[in-house]
Amino acid sequence: MSKIRQQFPESGGDFAVPAHADLRAYEVFVRTERGKPQVHAGTLEAPDDELALQYGREHYGRDQPCVEVWVVRRESILTADSDRDVIFRLSDQSYRQAKGYSDVRRKWEKVRAAKAVDDYQREDLKEAF
Amino acid sequence: MSLTTPPPALIPALTEFLLALADDKFFLGHLDSDWTGLAPLLEEDIAFSSLSQDEIGHASAIYQLIATWDGRSADRIAFGRAPGEYRCASITTIEDDFDWATAIARRWFCDHFDALRLERLRGSSLAPLKALATRMAAEERVHTEHSDAWIVRLGKGNADSRARLQAAVDRLCVPATDLFEPTAGAEQLEAAGLISAEPRLFERWKESLERVAAAGGISVRVLPRAASAPPAGRAGRHQPGFAAVHAELSEVFQLEPDGAW
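Predicted model, so just to flag it, every value in this text is computed and none were measured.

Peer 1: I tried to follow the overall build of chain B on my own but got confused; where do I start?
Peer 2: Summing up its helical and strand segments, chain B has 10 helices and 0 strands in all. In chain B, the succession of α and β elements from N to C terminus is α-α-α-α-α-α-α-α-α-α. Counting only C-alpha atoms, chain B reaches 55 × 45 × 35 Å along its principal axes. Taken over 261 residues, chain B has a buried fraction of 56%. Contacts in chain B between residues far apart in sequence, at least 24 positions, make up 81% of those at least 6 positions apart. Summed over all atoms, the accessible surface of chain B reaches about 10,700 Å², with 58% contributed by carbon and sulfur. Distance between charge centroids for chain B: 6 Å, based on 26 positive and 38 negative side chains.

Peer 1: What exactly am I supposed to notice about the interface of chain A and chain B here?
Peer 2: By a frequent convention, interface size equals the accessible area lost on bringing the separate parts together. At the interface, 24 residues of chain A touch 27 residues of chain B. Interface of chain A and chain B: buried area, both sides summed, is about 2,300 Å²; carbon and sulfur atoms make up 50% of it. Taken together, the links from chain A to chain B amount to 3 salt bridges. A salt bridge links Asp48(A) to Arg153(B); its shortest N-O distance comes to 2.4 Å. Across the chain A-chain B interface, the total number found is 8 residue pairs in polar contact (both at pLDDT 80 or more). Of all the secondary structure elements, the ones that give two or more residues to the side of chain A that touches chain B are β2 (39–46) and α1 (49–60) of chain A. For the side of chain A that touches chain B, a count of residues per class yields 10 nonpolar, 5 polar and 9 charged.

Peer 1: How should the state of the cysteines be read in this particular structure?
Peer 2: All names here are of chain B. Using the criterion set out here, one finds 0 disulfides over all chains in the structure. Unpaired in terms of disulfides, Cys88 finds its nearest cysteine sulfur in Cys110, a separation of 10 Å. According to the relative accessible area criterion, Cys88 is buried, its value standing at 0%.

Peer 1: So what exactly am I meant to see when it comes to helix α8 (residues 201–216) of chain B here?
Peer 2: It helps to recall that an α-helix has 3.6 residues per turn; residues three or four apart then point in one direction. Residues and elements named next belong to chain B. Here α8 spans 23 Å end to end across 16 residues, near enough to the 22 Å set by a 1.5 Å rise per residue. Within the span of α8, buried status applies to Leu201, Phe202, Trp205, Ser208, Leu209, Val212, Ala213 and Gly216. Looking straight down α8, one finds that the buried residues subtend no more than 140° of arc, so they occupy a single side. α8 presents Arg211 and Ala214 as exposed residues on the side facing more than 90 degrees away from its buried surface. Directly beyond the C-terminal end of α8, a positive phi value near 70° is found at Gly217.

Peer 1: Help me out: how do you make sense of the pattern of salt bridges in this one?
Peer 2: Side chains bearing opposite charge may pair, as long as their charged atoms lie close to each other. Inspection of every chain in the model, using the stated rule, returns 35 salt bridges over all chains. Across the pair Arg57(A) and Glu145(B) runs a salt bridge whose closest N-O atoms are separated by 2.8 Å. Here Glu145(B) lies in helix α5 (residues 127–156) and Arg57(A) lies in helix α1, a pairing that spans two chains. On the accessibility criterion, Glu145(B) (32% relative accessible area) is partly exposed. With a closest N to O distance of 2.8 Å, Asp96(B) and Arg106(B) form a salt bridge. Linking Asp96(B) in the loop between α3 (74–79) and α4 (100–122) with Arg106(B) in helix α4, this pair joins segments that are 10 residues apart in sequence. Arg106(B) matches Asp96(B) in its accessibility class, with the two residues each being buried. Within this structure, Asp24(B), Lys25(B), Asp32(B), Glu55(B), Asp96(B), Arg106(B), Arg107(B), Asp111(B), Asp114(B), Arg117(B), Glu140(B) and Arg234(B) form a network of salt bridges that share partners.

Peer 1: Help me out: how do you make sense of unusual backbone geometry in this one?
Peer 2: Note: most residues except glycine have negative phi, and most peptide bonds are trans. All names here are of chain B. For Asp97, which is not glycine, the phi torsion reads 50° and is therefore positive. Residue placement: Asp97 occurs in the loop between α3 and α4. Residue class for Asp97 comes out exposed when judged on its relative accessible area of 58%.

The rules behind these values
Residues numbered from 1 in each chain as written. Chains lettered and ligands numbered in written order. Predicted model: local features only at pLDDT ≥ 70, side-chain atom pairs only at ≥ 80, totals over all residues. Heavy atoms only, no water. Helix = DSSP H or I, 4+ residues; strand = E, 2+ residues; numbered from the N terminus. Buried < 20%, exposed > 50% of the residue type's maximum accessible area, 1.4 Å probe, protein only. Contact = heavy atoms within 4.5 Å. Areas by Shrake-Rupley, 256 points an atom, 1.4 Å probe, with all protein chains shown as cover. Lys, Arg positive; Asp, Glu negative; His and termini not counted. Charge placed at Lys NZ, Arg CZ, Asp CG, Glu CD. Buried area = accessible area lost by both parts, 1.4 Å probe. Salt bridge = Lys/Arg side-chain N within 4 Å of Asp/Glu carboxyl O. Polar contact = N/O pair within 3.5 Å; in protein donor to acceptor, adjacent residues only side chain to side chain. Nonpolar A, V, L, I, M, F, W, Y, C, P; charged D, E, K, R; others polar. Disulfide = S-S within 2.5 Å. Expected span 1.5 Å × (residues − 1). Arc of directions from axis to C-beta.

Below, the structure written as structure tokens:
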């Protein structure tokens, strides 16, 4: 321990955060590259907006490449919570989910590999024009 | 004209000027780092620690630059000099005894001075110094915004915080002007374009301090350092408290000065 620190007063009374410190909670978002979305990075508490932005920049913006930091008062965020609110549909609408497309290309390639398809398409074009 | 290395004849003067800058930042960063874990708010604790790391990072970068022509390693320049070879101004080695107002006021005087000092280096004809100063000046602006924010908040907080801040500012006004003690040969550096001349250095520093003080409802009364003032930190003449801070700072290095880290 630092010799100077050993002189730290035992009581520490002067350093306690007073009950009326009135800190506000903020949510912090960072954008790591231009064109990329803002991503939630964490939370902090600050006495006011200006220090909140300074702390947000200091804690979340400087340890990684970062082009923009947002701090938002948590009280300004409107929340829908799945414990209270219906967010996801209850009936089966799985057909609406964008699933299965990763395999489409492979399926197409398999079909196209069969020569018959090319012949069919050639005939098809001839008939049409 | 852009230089990649300093002209040999100007190396002693340039080294003096840069040691003053680096030593100021090194000692200030060291003292401020004592607040890690103890600052008044959690977020401030992290921010203040991070800012003191910045100061030590700046000092380290300058020691490394000096090392490119000095022959000694950056570590040896940082830790291995005798006390009389350090060039920091007295304000950077005044302990705050865990008085937050003193810690903030100390930073505030130094940050505003460094912002101006780095501006002079941004005009340097020495390319690596100019590049380094440009990067550091951007970070220094974050530092001044931080200390300004605290000066205003403590000043406008309540009667107690204002009184403590005013007392700290009053106490540091005189040692703060030691920042302006010129380093040996500084005028040669200006003449050669290695640093920009700034005849209004003191006035600009005073104006920026007064502007922030007014916003915080406190007063700051700084006077120019008298030309007849006795040699101080820039000549290696330090206050009695310096030795203890220096001994602590270099304690680990001195255990094994030739050790490889």
